[in-house]
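Chain by chain, the residues:
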Amino acid sequence: MNIKCVIYNKILLIVFLYLLIVLVWVCGQLSVDSSELRFVKLIETSIECQTSAIKNENQLIIFAPSKKIAGTLAHSLCTDEVVAKQYGSVVSYWRYNTTESFEFVGKGIADLILTKNNIMDAFKAETTYNYQPVVGFSDYTAFFISAKEKPKITKEYFLGKRIGLLDYPTSRSGHILPKQIFKELDINLENLNIVYASSHDALRDLLANGKVDIIASFWQESDAKRFSKNYITPLKNNIAGTRWYLKMPHNNTDLLCSVQAHLLAMSQEQSLHYYKGAQSFWQCDNDVVTYKRDEI
């Protein structure tokens, strides 16, 4: 009889707790308006702004290398009269990994994108989607950079060194070219002490802080404040710089020239001398818009 009472009491307790939970949940639902709930994005990846053509549903899609550039360019183009005649809004995305840039180029998602010509070539995007180069940056040289000695391009030199590379497989100076050198020297990557960084600035920090012995990157004027120019060794010269490409399924020269003007103006506001030297591909100050050159 006592056992039956104990079991009965336990059942009553479980039922009571269950009903209590249901009651608390119901009270919570009644006290909170679900329409007011907003979930904050943990990783923001795009910026959108409206042109003066509010009712126009067409969007100009941009893909940029950083949030700062994405925002600056989007807001600049949103105020443009030519853009407003064709689009109701500008949506600007920026990359967090290589896969995203491949998606935007390979599937022709972006109307305007900053990328390398080798990526365009790999996806045949210029012929498939008629991407046209609008503004480009000068050719550059890739280097091995050290803090204490001039790097040597020998197998013996690299073995035992802590080598900083860029964790971005499409980067020529920070990833592709140094690995090509290692392959030419018959060095197994597994035998190297490679430290990967997320950006060229992060690579420089690793070298300056003594966490690596050598990095692969390009040389910029500001590097002279932290490193000696005597301690750099070229990997390859005349590497084509990145370019802004505009998708041109139609002969939309008004948009092309307007976008080119905004890109050139934005380049003058950049802090690094390299990015100030942007050059245009199109002659837009004549009655007929013409292509200026094949290479920058």
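Now for a look at the structure at hand. (Residues numbered from 1 in each chain as written. Predicted model: local features only at pLDDT ≥ 70, side-chain atom pairs only at ≥ 80, totals over all residues. Heavy atoms only, no water.)

### A few points about the overall build of the chain
For the chain, the count of helices and strands is 11 helices and 14 strands. Evaluated residue by residue, the chain yields a buried proportion of 41% over its 296 residues. Across the chain, the fraction of contacts at a sequence separation of at least 24, relative to all contacts at a separation of at least 6, is 73%. Element-wise, carbon and sulfur atoms account for 55% of the exposed surface of the chain, whose accessible area totals about 17700 Å². (Helix = DSSP H or I, 4+ residues; strand = E, 2+ residues; numbered from the N terminus. Buried < 20%, exposed > 50% of the residue type's maximum accessible area, 1.4 Å probe, protein only. Contact = heavy atoms within 4.5 Å. Areas by Shrake-Rupley, 256 points an atom, 1.4 Å probe, with all protein chains shown as cover.)

### Comments concerning the sheet that holds strand β11 (residues 243–247)
Spatially, seven strands are ordered β1-β3-β2-β4-β11-β5-β12 in an open sheet, and the strand pairing comes out mixed. Each having just a single partner strand, β1 (46–50) and β12 (279–280) make up the two edges of the open sheet. The sheet contact formed by strand β2 (residues 59–64) and strand β4 (residues 112–115) spans two bridges and is parallel. Its bridge partner being in β4, Ile62 is matched across the sheet by Leu112. Across the sheet, helix α2 (residues 67–78) lies against β1, β2, β3 (89–94), β4 and β11, angled at about 170 degrees from β3, the strand it touches most. Helix α10 (residues 253–267) contacts β4, β5 (131–136), β11 and β12 of the sheet and is inclined by roughly 30 degrees relative to β5. (Pairing = 2+ DSSP bridges. Axes fitted to C-alpha atoms, helices over the stretch in contact; angles between N-to-C directions.)

### Some details on the nonpolar core
The nonpolar side chains of soluble globular proteins are, as a tendency, buried together. If you look at the biggest cluster of nonpolar residues, it comprises 32 residues, and the most contacted ones within it are Leu73, Leu77, Val90, Leu112, Trp244 and Leu263. Elements represented by at least two residues in this core include exactly β1, β2, α2, β3, β4, β5, β11 and α10. Among the nonpolar cores identified, the runner-up in size contains 18 residues, and Leu177, Ile181, Ile187 and Leu235 belong to it. (Core = buried A, V, L, I, M, F, W, Y, C linked by side-chain atoms within 4.5 Å.)

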